[in-house]
Amino acid sequence: GESVGLHLPTLSVQEGDNSIINCAYSNSASDYFIWYKQESGKGPQFIIDIRSNMDKRQGQRVTVLLNKTVKHLSLQIAATQPGDSAVYFCAEKDPGTYKYIFGTGTRLKVLA
Amino acid sequence: EAGVAQSPRYKIIEKRQSVAFWCNPISGHATLYWYQQILGQGPKLLIQFQNNGVVDDSQLPKDRFSAERLKGVDSTLKIQPAKLEDSAVYLCASSSLTGHSNQPQHFGDGTRLSIL
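Described in the following lines is the structure provided in the data block. Treat the numbers as computed from the prediction; the structure is a model and nothing was measured.

## Looking at the interface of chain B and chain A
Part 1 of the argument: With 27 residues of chain B at the interface, the matching set in chain A holds 26 residues.
Part 2 of the argument: Between chain B and chain A lies a buried interface of about 2100 Å² when both sides are counted; carbon and sulfur atoms form 51% of it.
Part 3 of the argument: Across the chain B-chain A interface, the total number found is one salt bridge.
Part 4 of the argument: In this structure, Lys99 of chain A and Asp56 of chain B form a salt bridge, with 3.5 Å as the shortest nitrogen-oxygen distance.
Part 5 of the argument: At the surface where chain B touches chain A, the tally comes to four residue pairs in polar contact (both at pLDDT 80 or more).

## Focus on the nonpolar core
Across soluble globular proteins, nonpolar side chains show a tendency to be buried alongside one another.
Part 1 of the argument: Core analysis: the biggest nonpolar cluster contains 21 residues, and Phe21, Trp34, Leu77, Ile79, Tyr90 and Leu113 of chain B have the highest contact counts within it.
Part 2 of the argument: Only β3 (19-24), β4 (31-37), β5 (44-50), β8 (75-79), β9 (88-95) and β11 (111-115) of chain B provide two or more residues apiece to this core.
Part 3 of the argument: Those residues in contact with Phe21 of chain B that lie beyond four places of it in its chain are Ser7, Trp34, Ser75, Thr76, Leu77, Ile79, Tyr90, Thr111 and Leu113 of chain B.
Part 4 of the argument: Residues Cys23, Val62, Val64 and Leu66 of chain A belong to the second largest nonpolar core, which totals 19 residues.

## Overview of the layout of surface pockets
Part 1 of the argument: For the second largest pocket, the calculated volume is near 190 Å³.
Part 2 of the argument: Lining of the second largest pocket is provided by 17 residues; of these, Gly43, Pro44, Gln45 and Phe46 of chain A together with Phe107 of chain B occupy positions nearest its centre.
Part 3 of the argument: Residue assignment for the lining of the second largest pocket shows that the elements contributing at least two residues are β3 (32-38) and β4 (45-51) of chain A together with β10 (106-107) of chain B.
Part 4 of the argument: Tallied by class, the residues present in the lining of the second largest pocket amount to six nonpolar, six polar and five charged.

## Observations regarding the pattern of salt bridges
Residues and elements named next belong to chain A.
Part 1 of the argument: Under the definition given, this model contains seven salt bridges over all chains.
Part 2 of the argument: Of the charged contacts in the structure, one is a salt bridge between Asp31 and Lys93, with a shortest N-O distance of 3.6 Å. Here Asp31 is found in the loop between β2 (19-24) and β3, whereas its partner Lys93 is found in strand β8 (residues 86-93), with 62 residues between them in sequence.
Part 3 of the argument: Its salt-bridge partner being Asp55, residue Lys68 comes within 3.3 Å of it at the nearest N-O pair. Of this pair, Lys68 sits in the loop between β6 (62-67) and β7 (72-77) while Asp55 is found in the loop between β4 and β5 (56-58), placing the two residues 13 residues apart along the sequence.

## A short note on the packing of aromatic side chains
Part 1 of the argument: Inspection of every chain in the model, using the stated rule, returns twelve aromatic pairs over all chains.
Part 2 of the argument: Ring geometry for Tyr35 of chain B against Phe107 of chain B: centres 5.5 Å apart, planes inclined by 45°, an arrangement best described as tilted. Of this pair, Tyr35 of chain B sits in strand β4 while Phe107 of chain B sits in strand β10, and the two are 72 residues apart along the sequence. Each member of the pair, Tyr35 of chain B as well as Phe107 of chain B, carries the same accessibility label: buried.
Part 3 of the argument: Three or more aromatic residues joined by ring pairs make a cluster, and in this case those are Tyr32, Tyr36, Phe89, Tyr100 and Phe102 of chain A together with Tyr33, Tyr35 and Phe107 of chain B.
Part 4 of the argument: Positioned above the aromatic ring of Tyr10 of chain B is the side chain of Arg9 of chain B, whose terminal nitrogen or guanidinium carbon lies 5.5 Å from the ring centre.

## Concerning the sheet that holds β6 of chain A
Residues and elements named next belong to chain A.
Part 1 of the argument: Reading across from one edge, β2-β7-β6-β5 is the order of the four strands in this open sheet, with antiparallel pairing throughout. Two strands in the sheet have a free side with no partner beyond their single neighbour: β2 and β5. Averaged over all pairs of adjacent strands, the angle between strand axes in this sheet comes to 15°, irrespective of strand direction.
Part 2 of the argument: Pairing analysis gives six bridges linking β6 to β7, with the strands arranged antiparallel. When the bridges of β7 are listed, Leu66 appears paired with Leu73.

Rules of the game
- Residues numbered from 1 in each chain as written.
- Chains lettered and ligands numbered in written order.
- Predicted model: local features only at pLDDT ≥ 70, side-chain atom pairs only at ≥ 80, totals over all residues.
- Heavy atoms only, no water.
- Contact = heavy atoms within 4.5 Å.
- Buried area = accessible area lost by both parts, 1.4 Å probe.
- Salt bridge = Lys/Arg side-chain N within 4 Å of Asp/Glu carboxyl O.
- Polar contact = N/O pair within 3.5 Å; in protein donor to acceptor, adjacent residues only side chain to side chain.
- Core = buried A, V, L, I, M, F, W, Y, C linked by side-chain atoms within 4.5 Å.
- Buried < 20%, exposed > 50% of the residue type's maximum accessible area, 1.4 Å probe, protein only.
- Helix = DSSP H or I, 4+ residues; strand = E, 2+ residues; numbered from the N terminus.
- 1 Å grid on protein atoms, 1.4 Å probe; cavity = no way out; pocket = protein on both sides within 12 Å on 5 of 7 lines; lining within 4 Å.
- Points joined across faces, edges and corners; volume = space filled by probe spheres on them.
- Nonpolar A, V, L, I, M, F, W, Y, C, P; charged D, E, K, R; others polar.
- Phe/Tyr/Trp six-rings, centres within 6.5 Å; stacked < 30°, edge-to-face > 60°.
- Lys NZ or Arg CZ within 6 Å of the ring centre and 35° of its normal.
- Pairing = 2+ DSSP bridges.
- Axes fitted to C-alpha atoms, helices over the stretch in contact; angles between N-to-C directions.

So this is what it looks like as structure tokens:
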């Protein structure tokens, strides 16, 4: 199927290794952040979220870290699997609204 | 629960023609969004509804794009006339409106529009 993003930054990792995907956000007042996974031909799928009053949140095999000082968000995927291959987007919520602003995305390639 | 439904999945038209996309959000979700995703980019918000009212349409090219959500449930997005630069995937998303303001959006699989 057609790729979601042909010219996105790409991270290649070996199967079983940990992956770290980074995102810089724009508004220091943003109070809520989401990581999405988008596979080819599909819409973005919610992975994990974090509120600005937290520094870290863990899910199943995924951890999100928030560094408000430098406006940086990261997604860590433990024991990366072939099914994790996709494009990953971070999104920040415009404070006081329900509007979300998406980053440019990172393509994750898992090597067997 | 059923996800966000969109149709059609694909549409090919010639420039200057018109096209319409349909979205049915998750049942009970008050907020509905339309996004445009150009290949290689993140989704860009076009319009946001809360129930049947428009909350934000600041990035909607109103000379050619229109959207409605008349009964506060499903929604249509129309382009008339289409331009070559409108080739993109049009994504619909919805989220619930609860006492807690931070709720994730749930996306449909989009309509891929190609303009010839």
